[in-house]
Each structure stands twice: as C-alpha cells, then as structure tokens.
Amino acid sequence: MSFLAPLFFVGLAALAIPVFVHLIQRERRTVVPFPSLMFIRRIPYQSVERRRIHNWPLLLVRAAALALIVAAFARPFFHEDPVKAAAAATGARDVVILLDHSASMAYGNHWTRAQEEARRIVGTLDANDRATLVLFDGSVEEAVRATSDRGALTAGINAAAVTAHATRYAPALREVESLFGRSDRARKEAYFISDFQKSGWAEQEQVRLPPGATITPVSVAELETADVAVTGVGVARASFSGEERVTLTASLVNRGGEPVHVPVVLEIDGRAVGTKEATVAPRGSSAVTFDTFTLAEANARGVIHAGTDALPADNDFYFVLSPSRPLSVLVLQPNDASADASLYLATGLRLSQTPPFTVETVAESRATPASLNGRTVVVVNDATALSSPMASALQRFVTQGGGLFLVVANNTPVGNGSPILPGTLGGPVDRLSVRGGTLGYLDYSHPIFEAFKDPRNGSFADIRFLRYRTLAPAPTDHVLARYDDGAAAMVERRVGSGRVIAFTSTIDGDWNDYPKHGMFVPIIHETMKYLAQYTAPQAWYTVGRMFDIATPIAAMVQQGQVSGASGAARDTAGVVVTPGGRQVTIGGGGSTSIALDEAGFYAVRLPGMAAARPYIVAVNMDRNESDLVALAPAEFLASATGQTATVAAGESYDRNASTPEDVEKRQSIWWYLLVAGLAALLIETAWSNRLSRQRTPRTA
C-alpha cells in the first residue's frame, strides 16, 4: 500500500491524547476542612490509581478512531498489477483529434506546433485504432472521417489552414459528445489541440462523456505574447465648398507587456494618403487621427496598416467609404395651396444629417411621371393625385420599391378606392368642443416609433388634434397610431416592394398643433427613412456574418448606378468576388446571401453596372481574436468535463500507464477509512457516556 500524502501521518502523534486521558485521576477526593493546620507539615498524596490504565478497550477505540482519520487524509491506495492494468488498457480505440484553426492560431508558430502535435497523435495509432480529424473555429468540420489510414489523417492535417474566424470551444465539445455517443468501442479518447484562448470560452458548456472516454488538452499557447491590433476606425464628415471632407481616426490596442512604437499608414484605393507614428502603452490603447481629405468616389477601399508583429492578421483594418447621398423627396400639393403648405415638412427634412434629404415641392398639375425618376419618397400633401392621371404612375412607383406618404385632409375625395390608399376614407371629425383629441395608441414595436418607447426620448401626450378624417383600414393594413376615440391616425399598407403610410390630419398646423410640437421633426425623419427603406451604410463587417444581395441593390439604386428596386433582389443575379479571388453567384432565383469567411474586400457586380465601380464590402476578423490570454488547460478541461489534465504538449500520449493520482481516484480507499473513523468516534462517545453514568464517587 502507498499514500499520496504521507505527511499526514504526523497526525498520529494525537494518539497520545487518549492515553493521557486514561492516565489522569478519574475520581476526585472529598476535601474535609480541619482547623489549626498551619503548624502541620504538608505531605503530598500519592496514588497508584493515577498511573494505571483502567479501561483498555475504550483506549483502543479512541486510538483507532484517530488513526483511521489520519490514514484517510493520507490518501492510501494499492498498487495495481501491471499485467492486469495492461490487459485493461488493451483494445481498439476511437480517437478524435480536435485541431483549432481559428484566426488566433496564426500567432507566431502556434499553427506549426499544433500540426506537429496532431501528427504525433496520429503516430501513436495502432492498426486496429481509428481516428477522426475535426477542425474547429466558430464551427466544426470533420476533415477526415473515422479511419485507420494514417496517411489520410496526416494529409488532412497538412492540408488544413488557419481561417479568419473567431474561436469557439462549445461547438467542438458538442461534436466530441456526438462522435463518442455513436462509437461502439470501449476506449474513446479525444485530443484537444488549441491555444486555449480565453475569449473562446464565453459560451461555457459541459459535455457528458460515456464511461471510459477521456479528453486530453494539448496547449500550444505561450506564457508571454506581444501583439498590436487595429480595432476600429471613426469617420467624421463635413462639407466644404460643395465637397465632402472626411477625417479618420484609427483605434489601436497593445496586448503585450512592453510599450510599442509603430508607424500607422492610411491607404485609400491602394494609395497611401497619410502616415502617423503611434506609441501604445503596455496593455493599453491609443488613437491616431489622420489629416482631412476629400472623398469624391463611391465605394472607396480604405485600409489602416499598423506595423507588423507575430499576428499580422490584426495589423490591418479594412473599411469602405462613400460620399453621403441625400434621399430625394418629392412633395405634391394642391394647385391653390399656399407656399407655406409644406413648409414645416420641408424645413424638418432639411435638418436631417443622417441621412440628408433633398426636398422639391411642386403643384400636382405640374407633376408628370418623369417627376418620379430618382425619387425615394413621394409626399402627397392633401392633393388629389390619387384620382388624377398621376395615380397609375404613383402606383407603379410604389410597386417598384418607392415610398409614399399620404396626407389626407380637405382635398382627398371621400371613399377613394385607390389600391394604394390604406383603407376607405370617410368624412372629417371635429373635436373643437373638447379642445381637440390626442393620440391614444402608438405601435412602439414599429421602426418609426421604436426609438420613443422610452418616455425620456419624448412624449406624444400633449399633441392636440382639432380635426381629422376617418379612415377604415383593410384587414391587411397595419394601424400605426390611433386617436383617443379609436379612429385611425396613421395606417400602413404594403404595395409590391414599396410602402405607403396615410396620415389622417394635416402637416401645416391647420387642423392640429403637431408641426409646432417637438416630436414632429424626429417622427418625420423616421417616417421618411422607413418609407425609403433606408439603412445606414456599413463601413465594415465581421468575419462570419451573412451578406444579402438586397443591400448592394438598394445602395446602387439610390446612387443611380443600376435600375430596378431592392425588392427584386431574389430575381437579380449578382457576382461576388471574394478576397481570395473566388467568384460566387448569388440571387437569380438561388441563394440571395453569402457567408463572409475571409478578411479583406468582397466586390459585388450587378447587371447593368457596365464599367461602374463595383459595390465593395469590407470584412475584418473578430477583434477578440487579438486577445491571446489563455486558459489553463486543466481549468478548461475541469470546466468542460470535470476531468483533470494529465498530458501536456510534447509529452507522451501513451494512456496505458496510470499515475498514482489516477489509481487512488479510482480506488477511493480514503472514503471508507474516513467513514470507519467517524463510526469509531460515535462508538467511543456512547461507551464513555455509559461508563460515566455507572461511576460512583469515593470520599476520604
């Protein structure tokens, strides 16, 4: 028998305690007071009773209890017969080699070392063993299915490459659980080769391994790493002499323990337009602002370069810049309307910066179908356009993806049956007798009102409506707002690829005080952006996102580069050229999206673009991959499986020889010794209490 913690046997010295207790005088003499003893010499009382053990069985029980408890803490175990241990470890194995090929594995020689470790594991396979090679980053891929062919496994390891995706360990653990669950072999072993990046264990998940299955972590991480990364870029725009001026600010972070001094270069369309020097403190961040430049071309490719180090993938940051393109709004108003009929609307729209709006107001008699060309939204401000020759042109405009805002007041005919009017229009309602009505319902789940769900962003409660038209929505129409009496205030209808919203009061302050209220401008902005189907242009995406063809189609239609509408995206075929040069067709009745798997620039070309610049999508790796702080392999394995790690990188992968800790853990002799020691203490307590009750004191 051996012990994992033999130093606990020092505690056997406590066996002297019960012996000492048994040698102490157990019976006290009764003291008899006697006067005048001051002249009598004191003679010490001696008794042989003090030096004799009275109850040997009780002493042995007490000593045994202490000895058993001390032996339990010493963690005893019996050595296993090597022959029997070898026999138990024989048999064919199912081996899973999990190889991390996420972006962080490109640091230094991490990937080379990981491949070497994987090849070493393949070298330990016997003829009857079979192994599966699984590559993982944010997802998992069975590169080589279960096979005994070492050559195929080695070829799969050699062919694997680092990706631009982020590290996620949970999918790999689920894959191990699935593979082991399907295995019919008693011996199941998995080897987890990674840099054990801490950020990859955000979604912690524990796997349930079948009996006999093990996971061995193999770390290629380094204790000290140094890396500088560009984490983002800020864009500030300003207009000067009719041109748009742009100022860029790059954000840097230093993950190392030493200060770094790096040159930071800004490139636009492959041409260096600025260079700055940056000093970043250890474990700190910094920002670099470049000189202002003029942006004239759409879809300009921008790159920030910040030196070079052991992880070059995060030293470059990709982005796309385009000049701000205003949304064109056409306002149709009655021929006899005053010049101020649309003043509040036009003034409010011109206040918008993101996006900017251009507003043109014309009398409906002067409007022609050609007036709708290049418009994103048309506002019919209490005009009769829905019953005029422009009605068919407006319907076609909306069907192709345009936005239409209808202000129905005095001039809109009752019962107008236009297919683009949301519902059936009735007569006016006067609320003068009660000093006007208010808005009693708003659909805060709708994009127009969503930002005002928080009362701190504004309130609609004190807007007074003295008059409004009744509008009975169709079952398929969506009521966005109602007055306090239940009448519809704003109703939406989808027509083809476009959107129509009807407002049943005025926007000139005649029937209400809405234009003079603080909520008028933000609601008008949100309404026009919603009708225009506007989405703010995204300067860059992160690897792993999906990109839909509707995004470049909507942008190019707005910029006038192609004809058509965003709603026809599924029928429009586009060709996407990846950063690696691969061409992928999306749309055209097939898949309308593509996964952004590489860092760099994706170029999108659509029919009718001719020699125009392609639409550019900039993609960057997840900036969390720059954080190379690693988990301890034992900590990771304990969190994921409850096991302890016994093999590190470069050590033997022979699992036949068990360590003393493994043997002791399987035998668990300490548990039985501890239970026996506690039982002995209970017996001793009951026995000593019984003897105490039977004892009769003696007097002298």
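Owing to the predicted nature of the structure, the values given are computational and were not obtained by experimental measurement.

**Q** Which parts of the structure should I look at to understand the overall build of the chain?
**A** Scanning the chain from terminus to terminus reveals 13 helices and 32 strands. Burial analysis of the chain (700 residues in total) assigns 44% to the buried set. In the chain, the share of contacts with a sequence separation of at least 24, taken over all contacts with a separation of at least 6, comes to 73%. Per element, the accessible surface of the chain, about 34,800 Å² overall, is 54% carbon and sulfur.

**Q** Sorry if this is basic, but what is going on with helix α5 (residues 150-159) here?
**A** Within the span of α5, buried status applies to L153, G156 and I157. Buried residues of α5, seen end-on, are gathered within an arc of 100° and therefore sit on one face of the element. The secondary structure elements touched by the buried residues of α5 are α4 (110-123), β4 (130-136) and β5 (140-147). The opening residue of α5, the one whose side-chain oxygen lies 2.9 Å from the backbone nitrogen of G151, is D149.

**Q** Can you help me understand the environment of R499 in this one?
**A** Tracing the backbone shows R499 in strand β25 (residues 498-503). For the pair R499 and Y530, spaced 31 residues apart in sequence, the C-alpha to C-alpha distance is 8.4 Å. Residues in contact with R499, not counting those within four places in the same chain, are V398, G402, G403, L404, E492, R493, R494, Y530, L531 and Q533.

**Q** Would you mind showing me how to read the packing of helix α7 (residues 343-350) against helix α9 (residues 520-531) here?
**A** Angle between the axes and distance between the axes are the two parameters that describe a pair of packed helices. Closest axis-to-axis distance for the α7/α9 pair is 9 Å, and the angle between their directions is 75°. Compared by their axis directions, α7 and α9 come out roughly perpendicular. On α9, the residues touching Y344, L345, G348 and L349 of α7 are F520, V521, I524, H525 and M528. Residues that form the contact of α7 with α9 fall into these classes: seven nonpolar, two polar and no charged.

**Q** Before we go on, may I ask you to explain the side chain of S194 in this structure?
**A** Here S194 is to be found in strand β6 (residues 187-194). What S194 contacts, discounting residues up to four positions off in sequence, is D100, M105, F136, Y169, V218, S219, V220 and A221.

**Q** Explanation requested: the side chain of T376 in the structure shown.
**A** When you line up the elements, T376 lands in the loop between β17 (357-363) and β18 (377-381). Residue classification places T376 among the buried residues on the basis of a relative accessible area of 15%. There is a polar contact of 2.9 Å between the side chain of T376 and the backbone oxygen of S328. Ignoring sequence-local partners within four residues, the contact set of T376 consists of L327, S328, F397, G402, G403 and A532.

**Q** How do you make sense of the nonpolar core when you look at a structure like this?
**A** The tendency in soluble globular proteins is for nonpolar side chains to be buried side by side. With 39 residues, the main nonpolar core has F460 and M528 as its most contacted residues. If you tally residues by element for this core, the top one is α9, at six residues. Among residues more than four places away in sequence, those in contact with F460 are L439, L442, Y444, F449, F452, M519 and I523. Counting residues in hydrophobic clusters, the runner-up holds 28 residues, among them L386, A393, L406 and V479.

**Q** I tried to follow the pairing of strand β23 (residues 478-483) on my own but got confused; where do I start?
**A** Where a strand is regular, its side chains alternate between the two sheet faces. By the bridge criterion, three bridges tie strand β21 (residues 439-442) to β23 in an arrangement that is antiparallel. Each bridged residue has a counterpart across the sheet, and for L442 the counterpart in β23 is A481.

**Q** For this particular structure, what's the right way to read the sheet that holds strand β7 (residues 213-219)?
**A** The strands that make up a sheet are held in pairs by hydrogen bonds between backbone atoms, and each pair lies either parallel or antiparallel. Reading across the sheet, the five strands line up as β5-β4-β3-β6-β7 and stay open at both edges, with mixed pairing between neighbours. Unpaired on one side and paired on the other, β5 and β7 mark the two borders of the sheet. Within this sheet the neighbouring strands show an average axis-to-axis angle of 15°, counted without direction. Note: β4 against β5, five bridges, orientation antiparallel. By the bridge assignment, V134 is partnered in β5 with E142. Sheet strands touched by helix α11 (residues 633-641): β6 and β7. Its angle to β7, the strand with the most contacts, is close to 150°.

**Q** How should I be thinking about the sheet that holds strand β28 (residues 573-577) in this particular structure?
**A** A sheet is described by the order of its strands in space; here five strands give the open sequence β26-β32-β31-β28-β29, paired in mixed fashion. Unpaired on one side and paired on the other, β26 (541-542) and β29 (583-587) mark the two borders of the sheet. Relative to strand β32 (residues 615-620), strand β31 (residues 600-605) runs antiparallel, the two sharing five bridges. Looking at the pairing, A603 lines up with I616 of β32.

**Q** How do you make sense of the pattern of salt bridges when you look at a structure like this?
**A** As a working rule, side chains carrying opposite charge can pair if their charged atoms are close by. This model, assessed by the stated rule, comprises 22 salt bridges. The salt bridge partner of E117 is R120, with a shortest N-O separation of 3.4 Å. Of this pair, E117 and R120 both sit in helix α4, three residues apart, which is roughly one turn of the helix. Using a relative accessible area of 9% as the deciding quantity, one classes E117 as buried. Here R120 falls in the partly exposed class, since its relative accessible area comes to 35%. Salt-bridge contacts for R283 lead to E224; the nearest nitrogen and oxygen are separated by 3.9 Å.

**Q** How do you make sense of the packing of α4 against α5 when you look at a structure like this?
**A** Where α4 contacts α5, the two axes come as close as 10 Å, and the packing angle between them is 175°. As far as their axial angle goes, α5 and α4 are roughly antiparallel. Taken together, the residues of α5 that come into contact with α4 (itself represented by Q115, A118, R119, V122 and G123) are R150, L153, T154, I157 and N158. Residues belonging to the contact of α4 with α5 are distributed by class as follows: four nonpolar, four polar and two charged.

Scoring rules and cut-offs
As a convention, each chain's residues are numbered from 1 in the sequence order in which they are written. Residues qualify for local features only when their pLDDT is at least 70, as the model is predicted, and side-chain atom pairs are given and counted only at 80 or more; totals for whole chains, interfaces and linings, by contrast, use all residues. Computation of side-chain values: all heavy atoms of the structure, hydrogens and water removed. Each helix is a run of H or I in the DSSP string that is no shorter than four residues. Each strand is a run of E no shorter than two, and both are numbered from the N terminus. The cut-offs for exposure are 20% and 50% of the maximum accessible area for each residue type, with area from a 1.4 Å probe on protein chains only; residues under the lower value are buried, those over the upper are exposed, and the others partly exposed. Here a residue-residue contact requires only that any non-hydrogen atoms of the pair lie within 4.5 Å. Method for areas: the Shrake-Rupley scheme with a 1.4 Å probe, in which residue coverage is limited to the protein chains shown. To obtain the arc, one takes the directions from the helix axis to the C-beta atoms. Here a polar contact is recorded for every N or O atom pair within 3.5 Å, except that within protein the pair must consist of a potential hydrogen donor and a potential acceptor, and residues adjacent in sequence are included only if both atoms are side-chain atoms. The axes used here are C-alpha line fits, helices contributing only the stretch in contact, and every angle between their N-to-C directions lies in the interval 0 to 180 degrees. By definition in this entry, angles of less than 35 degrees are roughly parallel, angles greater than 145 are roughly antiparallel, angles of 65 to 115 are roughly perpendicular, and the rest are oblique. All amino acids are sorted into three groups, where Ala, Val, Leu, Ile, Met, Phe, Trp, Tyr, Cys and Pro are nonpolar, Asp, Glu, Lys and Arg are charged, and the leftover types, Gly among them, are polar. We call a set of buried residues a nonpolar core when its members are Ala, Val, Leu, Ile, Met, Phe, Trp, Tyr or Cys and they connect through side-chain atoms within 4.5 Å of each other. Following DSSP output, two strands are said to pair if at least two bridges run between them. Each reported salt bridge corresponds to a side-chain nitrogen of Lys or Arg within 4 Å of a carboxyl oxygen of Asp or Glu.

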